[in-house]
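Breakdown of the fold
Now for the letters of each chain:
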Amino acid sequence: MTTSSSAPSGPRLRVAPSPTGDPHVGTAYMAMFDLAYARQQGGQFILRIEDTDRARLVEGSEQQVYDTLHWLGLSWDEGPDVGGPYAPYRQSERLETYRPYVDRLLADGHAYYCWCSAERLAKMREIQQRTKQPTGYDRLCYGKTKEERAELPGFTETPVVRMYIPDDAPLEWDDLIMGHTSAPRPDDQVILKADGFPTYHLAVVVDDHEMGITHVVRGQEWISSTPKQLLLYKWLGLETPAFAHMPLLRDEKKAKISKRKNPWARLTWFQEEGYLPEALLNFLALQGYPPIVEADGSEREVFSFEEFVQRFEWSKVNKAGSVFNLDKLNWLNGHYIRNLSPEELSQRLLPVLQDSGAVPMPATIGQLALLKDITPLVQTRITTLKEAIPLVAPFYVANDAVPISDQARESLPDNADEVLDAAIAALEPISGAFPKPDGTGREWLAPKIESSLREALVDGLGLKPKVAFGPVRVAVSGQKVSTPLFESMELLGKEPTLIRLRTLRASL
């Protein structure tokens, strides 16, 4: 049982996910509150990987934890990938650490071997449930030697180690968020499995102690485990950290969100759907923390992580939490998108567009320049980066092979051929020449394009603008909904625009 010779300076907080699949959004939720307090108080934030449940490990999951937390900007001071004075930070590499603690608990009578088979335990639980008895281990093995227990039914050669929970187990504590809190008396929990791996309850206590963790921040679903851990701290003579049990992230039915039922419980989902990390952090903060109250008494829900750090107090965390409202997240994300500079937004859009195939990879200098010009046209029309894909994609297809969606083709009026003929005739006289060196002399501009088409289609054919410009929009973009039509035509240029108009006309 060793600890670092140097005492930790400032508070030390950790997040300890299990690599059992896509990281849960709750990992980021806990991590940001950990990090906020650590940064505010000049402490350290630690990432620990709890991989003792070998049956549920998923290859690549640990790397996803690193990638998604880095994407959110939640960087840690110590962890498996960066090292630190309390390494190793992966539980499977710390197995020799736990056994001395188990041996001490056994020697002091606070733990005992249990040789009950899985079949016997299942049968025991079945009887308890059927007869409406409290569920929990019946202590058949307590006080028996291996030989004595072997004479009874349901014996297995490889034992586990269980805690011996006394009648006077401490069931109350002062929680940083919940205040004075209590939990039901636990049964005799397994602390060391038959494979030699510790269970969560022992490993978390040992690791938090040996890593100098001062504040344990976790979801309220772990409240019931706190008495077990308080006992372990007491029995082992270890200093107890402060506990902060966070409100749960709940869906619209007020149920705890799960990756089985809610796709957005996966942290990677937010990247896939094109949310900005700063918007997601803002949203997660609002799940458990109040908005900023301005000097005039008004509330401000949009705030940076730095502002969150500056005003953070455990006493202000909402015990009940709030419903995970995706409409609110979409509103926030749209707000952050609109506040980016067009250049920054184009940089955020590029990988999303390339992953979807909308923009070539690698892109040429000209294709990148085009994206910068397109970005202001989509910026006010999207709430997620992913929504830009169908708006941007038409700019990067061959002009004589623009895919026309079924919905767009069905929207074409009976006189679409007449409209397109008139549009082509109106646009052909406009010069498509490049401007002079001083920037003057360019004719192919959105205002000129619009006035020419209005004169030909609205005034000349007597059509309403929606009907008049519909076929032109379909020809240019292949969609019923697109970026602003005349600005799009200006970006495409005269000849590409006319090719698109003629191609659709020829297909009618």
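That block above? That's the structure.
Calculation notes
- Residues numbered from 1 in each chain as written.
- Predicted model: local features only at pLDDT ≥ 70, side-chain atom pairs only at ≥ 80, totals over all residues.
- Heavy atoms only, no water.
- Pairing = 2+ DSSP bridges.
- Helix = DSSP H or I, 4+ residues; strand = E, 2+ residues; numbered from the N terminus.
- Axes fitted to C-alpha atoms, helices over the stretch in contact; angles between N-to-C directions.
- Contact = heavy atoms within 4.5 Å.
- Core = buried A, V, L, I, M, F, W, Y, C linked by side-chain atoms within 4.5 Å.
- Buried < 20%, exposed > 50% of the residue type's maximum accessible area, 1.4 Å probe, protein only.
- Phe/Tyr/Trp six-rings, centres within 6.5 Å; stacked < 30°, edge-to-face > 60°.
- Lys NZ or Arg CZ within 6 Å of the ring centre and 35° of its normal.

1. Re the sheet that holds strand β4 (residues 155–163)
The pairing of strands in a sheet comes from backbone hydrogen bonds and takes either a parallel or an antiparallel form. Within the open sheet, the three strands sit side by side as β3-β4-β7. Their pairing is antiparallel. Pairing within the sheet leaves two strands with one partner each, and these edge strands are β3 (111–116) and β7 (190–192). Taking the axes of each pair of neighbouring strands and ignoring which way they run, one obtains an average angle of 55° across the sheet. Two strands pair when backbone bridges link them, and β4 and β7 are joined in this way by two bridges, in the antiparallel orientation. Within the sheet, the bridge partner assigned to Val 161 lies in β7 and is Leu 192. Where helix α3 (residues 95–107) meets the sheet, its contacts fall on β3, β4 and β7, and the angle it forms with β3 comes to roughly 95°.

2. Notes on the nonpolar core
Counting residues in hydrophobic clusters, the biggest one holds 108 residues, and the most contacted among them are Leu 74, Phe 270, Phe 308 and Leu 453. In contact with Leu 74, other than residues within four places in its own chain, are Ala 28, Ala 31, Met 32, Leu 35, Phe 45, Leu 69, Leu 281 and Phe 305. Within the second largest apolar cluster, 34 residues are counted, among which are Ala 111, Met 211, Val 216 and Leu 232.

3. A few points about unusual backbone geometry
In this structure, Pro 88 follows Ala 87 across a cis peptide bond, with omega equal to 0°. One can find Pro 88 in the loop between α2 (61–71) and α3. The omega torsion across Met 361 and Pro 362 is 0°, close enough to zero to call that bond cis. By the element assignment, Pro 362 lies in the loop between α12 (342–356) and α13 (365–379). In this structure, Lys 132 is a non-glycine residue whose phi angle is positive, near 55°.

4. Remarks on the packing of aromatic side chains
As enumerated under the stated definition, the model contains 25 aromatic pairs in all. Taken together, a centroid distance of 5.2 Å and an interplanar angle of 80° make the contact between Phe 33 and Phe 308 edge-to-face. Of this pair, Phe 33 sits in helix α1 (residues 25–40) while Phe 308 is found in helix α10 (residues 305–310), placing the two residues 275 residues apart along the sequence. Residues Phe 283 and Phe 324 carry aromatic rings whose centres are separated by 4.8 Å and whose planes lie at 80° to one another, so their mutual orientation is edge-to-face. Remark: Phe 324 occurs in the loop between α10 and α11 (326–338) and Phe 283 occurs in helix α9 (residues 277–288); sequence separation between them is 41 residues. Judged by its relative accessible area of 1%, Phe 283 falls in the buried class. By way of ring pairs, the aromatic residues Tyr 29, Phe 33, Tyr 37, Tyr 289, Phe 303, Phe 305, Phe 308, Phe 312 and Trp 314 are connected into one cluster. In this arrangement the basic side chain of Arg 162 is found over the ring face of Tyr 137, its NZ or CZ atom lying 3.9 Å from the centre. In this structure, Arg 311 is placed above the aromatic ring of Phe 303, and the distance from its NZ or CZ to the ring centre is 4.7 Å.

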